[in-house]
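Listed below, chain by chain, are the residues.
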There are 2 protein chains.
Amino acid sequence: MSKQEQKVKVLDCTIRDGGLVNNWDFSEDFVRQVYSSLSAAGVDYMEIGYKNSPKLVKSEGVGPWRFCDDAFIKEVIPEKTKTKLSAIVDVGRVDENDILPANESPLDLIRVACYLKDVDKALELVKFFHQLGYETTINIMAVSNSMEYDLIAALEKINQSPVDVAYIVDSFGSLYNQDFEYLINKFKTHAPDKAFGVHAHNNLQMAFSNTLLSAQSGVTFLDSSIYGMGRAAGNCPTELILGYLKDPQYNVRPVYDVLEKLFIPLRDKIEWGYIIPYTITGQLNEHPRSGMALRKSEQKNAFTAFYDKMTTVETMDSND
Amino acid sequence: MSKQEQKVKVLDCTIRDGGLVNNWDFSEDFVRQVYSSLSAAGVDYMEIGYKNSPKLVKSEGVGPWRFCDDAFIKEVIPEKTKTKLSAIVDVGRVDENDILPANESPLDLIRVACYLKDVDKALELVKFFHQLGYETTINIMAVSNSMEYDLIAALEKINQSPVDVAYIVDSFGSLYNQDFEYLINKFKTHAPDKAFGVHAHNNLQMAFSNTLLSAQSGVTFLDSSIYGMGRAAGNCPTELILGYLKDPQYNVRPVYDVLEKLFIPLRDKIEWGYIIPYTITGQLNEHPRSGMALRKSEQKNAFTAFYDKMTTVETMDSND
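Please read all numbers here as calculations on a predicted model, not as lab measurements.

**A few points about the overall build of chain A**
Assigned secondary structure in chain A consists of 12 helices and eight strands. The principal-axis extents of the C-alpha atoms in chain A amount to approximately 55 × 50 × 45 Å. Split into buried and exposed, the 320 residues of chain A put 62% on the buried side. For chain A, restricting intrachain contacts to residue pairs at least 6 apart in sequence, the fraction spanning at least 24 positions comes to 76%. Summed over its atoms, the accessible surface of chain A is roughly 12,600 Å², and 49% of this surface lies on carbon and sulfur atoms.

Structure representation (structure tokens):
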């Protein structure tokens, strides 16, 4: 290998990002089996859901992993192994009164997701979680649609903050290897004191490749999900990352086990992965929501009409 | 982009490699529509099948694209556009009496596939096709399972031969970016007078990424197939390559059109793509045949048992 690979940490976000597909409708037993499998596989972190407040996001018809009540998590996973637990929060959707000190919570890591314009708010939250004793990350979404001077200003603030890890998030799954290389260099230059993470989407079948390239470029936190489960085109598959890493800590076999038992039947009921409307939104560097709407309609395979609509100038105003 | 990208040629091998999935059971109209779509998309070559001899391979229950009779091809595609036609032959399965001079054939390019041990035989065939006026390639299969000094000796012979293009074929879909980088350097060093091609398989979701890396490293012939159709995990999707290339020659829209009309219904009947037993054979650098056998059995989703069988030392003798 020509590039430097450091010791990485694998963060499986199946339940959290997969929940975006099924409204977090995972049974307690399902989540327990996923934790047990990831733990046997040597995975470093399992992201068990969002820790948003039910007062601040829609809670009707939504599973408990959307809110991650501490007592409930302890009930589901009474005995943690070496695999740590994380939850993610969105800026503006978290109630600080819901957050216990880290030593009273089953959660080890809280991640803050934000758009670039909300970095100041996100760093306030990071500071709060950090003071309570949590590990923290800041996950900058939609980085492919930002102005570079905004990104640089944000990275300089991040570098001054207590956050442990700054994440590059390819929200639209539109980035190629060279784009990740470019962004990693920006992150290294403007936040040199931080560790870095990567969260890739698979619209262009680049999620695994971009994650490997990141690992080879010094990024240490690698997000993945079992069978790639995640919104729209999904994520970098955990089984591919574990099959690649040579570190004896990792073992892919338990992931194949839970994949066979839980995820093959689940994929028969709900869809994610390489599905052409998401390829098209990725190629156009667009949010997948228009593709998701198409897939829920009767025209779900009308790819050419969708492509035409997405590439016609008059409709561009409505794309976010 | 940090690396040098030259003008590439896209070679769509949907009918040829896809035929390995359905025994070349494509109707004439299907193949005509594929040609018409690739032509409208600006694709440089369409590989319409094998040109093996029905006397030398099993012909019962096998569609006509396995043999590519010249008169038959002319009947299906009476008017060629700028998209050239190619066929592939296997060493030992071609009857030289079947081959017309190039100026009497609809075929422009004949590719010779071989294992490293058969390079001398392959180069004899290349010479024969070259003398008849065809463009030629040599496609070295299973390059990940060869000894380097054998590969170097073969490349030196290839460099002395009249062949136009030397292909790197990732038969087992087991190669990562760094492996392609390594091989491309070997090819460039030991066959410096030749153009290069790449044929990637998608067992590890690396086919597109490896193809892009190859293009960025000076490889000019890029194989792909619509919706990735091809044996086992399939190939680099044509729609991803065309969506990436900025050259105004290419237009992805006609591929989405034929994908929607022909390939979505076809994929409902037969399978290829990211299917876990092929992930496992890719991770183990094995031929996918054991995975294909599993998928035809009642145990088709018994991934863990398959993984155990494939990684148990006693069974290794039987793997090819």
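**Here we look at the state of the cysteines**
All names here are of chain A. In this structure the tally under the stated criterion is zero disulfides over all chains. Here Cys13 stays unpaired: no disulfide links it, and the sulfur of Cys236, its closest cysteine neighbor, is 9.3 Å away. Relative accessible area serves as the criterion here: at 0%, Cys13 is assigned to the buried category. The structure places no disulfide on Cys68, whose sulfur is separated from the nearest cysteine sulfur, that of Cys13, by 13 Å. Classification of Cys68 by relative accessible area gives buried; the value is 0%.

**Focus on the domain arrangement of chain A**
Residue and element names in this part refer to chain A. Split into domains, chain A comes out as domain 1 (9-269) and domain 2 (284-318). Here the C-alpha centre of domain 2 lies 27 Å away from the C-alpha centre of domain 1. Each partner contributes residues to the interface: domain 1 has six residues there, and domain 2 has five residues. Taken together, the two surfaces of domain 1 and domain 2 that pack against each other cover about 560 Å², and 57% of this comes from carbon and sulfur. A per-residue breakdown of the area domain 1 buries against domain 2 is headed by Phe172, Arg231 and Ala232, which together make up 63% of the total. Linking domain 1 to domain 2 there are zero salt bridges. For the pair domain 1 and domain 2, the interface holds three residue pairs in polar contact (both at pLDDT 80 or more). Residue composition of the side of domain 1 that touches domain 2, grouped by class: two nonpolar, three polar and one charged.

**A word on the packing of helix H12 (residues 303-310) of chain A against helix H9 (residues 253-269) of chain B**
Between two packed helices, the angle of one axis relative to the other and the distance separating the axes together describe the packing. Interhelical geometry of H12(A) versus H9(B) gives an angle of 155 degrees and a closest axis separation of 8 Å. Relative to H9(B), H12(A) is oriented roughly antiparallel. Every residue of H9(B) that contacts H12(A) at Phe303(A), Thr304(A), Tyr307(A) and Asp308(A) is listed here: Arg253(B), Tyr256(B), Asp257(B), Leu259(B), Glu260(B) and Ile264(B). Within the contact of H12(A) with H9(B), the residues separate by chemical class into five nonpolar, one polar and four charged.

**Topic: helix H7 (residues 207-216) of chain A**
Residues and elements named next belong to chain A. Burial within H7 is extensive, with 10 of its 10 residues counted as buried. Burial in H7 covers these residues: Ala207, Phe208, Ser209, Asn210, Thr211, Leu212, Leu213, Ser214, Ala215 and Gln216. Once H7 finishes, Gly218 follows within two positions and takes phi at roughly 100 degrees, a positive value.

**Topic: the packing of helix H10 (residues 276-283) of chain B against helix H12 (residues 303-310) of chain B**
Residue and element names in this part refer to chain B. Running from N to C, H10 and H12 cross one another at 20 degrees; their axes reach a closest spacing of 10 Å. Between H10 and H12, the angle falls in the class roughly parallel. Note that H10 runs across H12; the crossing there is right-handed. Only Phe303, Phe306, Tyr307 and Met310 of H12 make contact with H10, whose side of the interface consists of Ile276, Pro277, Ile280 and Thr281. For the contact of H10 with H12, the class distribution of residues is seven nonpolar, one polar and no charged.

**Regarding unusual backbone geometry**
Residues and elements named next belong to chain B. Phi at Trp24 takes a positive value of approximately 55 degrees, unusual for a residue other than glycine. Of note, Trp24 is situated in the loop between helix H1 (14-22) and helix H2 (28-41). For Ala232, which is not glycine, the phi torsion reads 60 degrees and is therefore positive. Relative to the helices and strands, Ala232 resides in the loop between strand S8 (221-224) and helix H8 (238-244).

**A look at the packing of aromatic side chains**
For the structure on display, the rule yields 27 aromatic pairs over all chains. For the pair Trp65(B) and Phe72(B), a centre-to-centre distance of 5.1 Å together with 50 degrees between the ring planes defines the contact as tilted. Each of the two residues, Trp65(B) as well as Phe72(B), counts as buried. These aromatic residues form a ring-pair network of at least three members: Phe26(A), Phe30(A) and Phe263(A). In this arrangement the basic side chain of Arg267(B) is found over the ring face of Trp272(B), its NZ or CZ atom lying 5.5 Å from the centre.

**Digging into the sheet that holds strand S3 (residues 84-90) of chain B**
The strands that make up a sheet pair up through hydrogen bonds in the backbone, lying either parallel or antiparallel. Residues and elements named next belong to chain B. The strand order S1-S2-S3-S4-S5-S6-S7-S8 describes a closed barrel built from eight strands, whose pairing is parallel. Averaged over all pairs of adjacent strands, the angle between strand axes in this sheet comes to 25 degrees, irrespective of strand direction. One ladder, built from four bridges, connects strand S1 (residues 9-12) with S8; its direction is parallel. Looking at the pairing, Leu11 lines up with Asp223 of S8.

**Remarks on the sheet that holds strand S5 (residues 135-140) of chain A**
All names here are of chain A. On the basis of which strands lie adjacent, the closed barrel formed by eight strands has the order S1-S2-S3-S4-S5-S6-S7-S8 and parallel pairing. Each strand of the sheet is rotated relative to its neighbour by a mean of 25 degrees, with strand direction disregarded. Judged from the five bridges that link them, strand S2 (residues 45-50) and strand S3 (residues 84-90) form a sheet pairing that is parallel. Note that in S3 the partner of Glu47 across the bridge is Ser86.

**Focus on the UniProt feature "domain: Pyruvate carboxyltransferase" (unreviewed entry) in chain A**
Listed under "domain: Pyruvate carboxyltransferase" (unreviewed entry) in the UniProt record, and renumbered for this structure, are residues 8-260 of chain A. Secondary structure across residues 8-260 of chain A divides into 38% helix and 17% strand, with the first and last C-alpha atoms of the span separated by 26 Å.

**Section: the interface of chain B and chain A**
Taken together, the 40 residues of chain B in the interface contact 40 residues of chain A. When chain B packs against chain A, the two sides together hide about 3,500 Å² of surface, and 55% of this comes from carbon and sulfur. On inspection of chain B and its partner chain A, the count reaches two salt bridges. Across the pair Asp308(A) and Arg253(B) runs a salt bridge, and its minimum N-O distance is 2.6 Å. Put simply, the parts of the chain that give the side of chain B that touches chain A at least two residues each are helix H6 (177-190), helix H7 (207-216), H8, H9, H10 and H12 of chain B. Here the side of chain B that touches chain A is built from residues that sort into 20 nonpolar, 14 polar and six charged.

**Regarding the nonpolar core**
For soluble globular proteins, the rule of thumb is that nonpolar side chains tend to be buried together. Residue and element names in this part refer to chain B. Grouped together as the largest cluster of nonpolar side chains are 103 residues, with contacts concentrated most on Val34, Ile48, Phe129, Phe208 and Phe263. The element best represented in this core is H9, accounting for eight residues. Ignoring sequence-local partners within four residues, the contact set of Phe263 consists of Thr14, Phe30, Val34, Ile226, Tyr227, Met229, Val258 and Trp272.

**Topic: the side chain of Asp223(B)**
All names here are of chain B. Summarising the element assignment, Asp223 is placed in strand S8. Looking at Asp223, its side chain comes within polar contact range of the side chain of Tyr167, at 2.6 Å. Not counting residues within four places of it along the chain, the set of residues in contact with Asp223 comprises Leu11, Cys13, Arg111, Tyr167, Val198, His199 and Cys236.

Calculation rules
- Residues numbered from 1 in each chain as written.
- Chains lettered and ligands numbered in written order.
- Predicted model: local features only at pLDDT ≥ 70, side-chain atom pairs only at ≥ 80, totals over all residues.
- Heavy atoms only, no water.
- Helix = DSSP H or I, 4+ residues; strand = E, 2+ residues; numbered from the N terminus.
- Buried < 20%, exposed > 50% of the residue type's maximum accessible area, 1.4 Å probe, protein only.
- Contact = heavy atoms within 4.5 Å.
- Areas by Shrake-Rupley, 256 points an atom, 1.4 Å probe, with all protein chains shown as cover.
- Disulfide = S-S within 2.5 Å.
- Domains from an automatic or database assignment.
- Buried area = accessible area lost by both parts, 1.4 Å probe.
- Salt bridge = Lys/Arg side-chain N within 4 Å of Asp/Glu carboxyl O.
- Polar contact = N/O pair within 3.5 Å; in protein donor to acceptor, adjacent residues only side chain to side chain.
- Nonpolar A, V, L, I, M, F, W, Y, C, P; charged D, E, K, R; others polar.
- Axes fitted to C-alpha atoms, helices over the stretch in contact; angles between N-to-C directions.
- Parallel < 35°, antiparallel > 145°, perpendicular 65-115°, else oblique.
- Left-handed = near helix turned anticlockwise from the far one by under 90°.
- Phe/Tyr/Trp six-rings, centres within 6.5 Å; stacked < 30°, edge-to-face > 60°.
- Lys NZ or Arg CZ within 6 Å of the ring centre and 35° of its normal.
- Pairing = 2+ DSSP bridges.
- UniProt positions renumbered as here; feature names shortened; annotations may be inferred.
- Core = buried A, V, L, I, M, F, W, Y, C linked by side-chain atoms within 4.5 Å.

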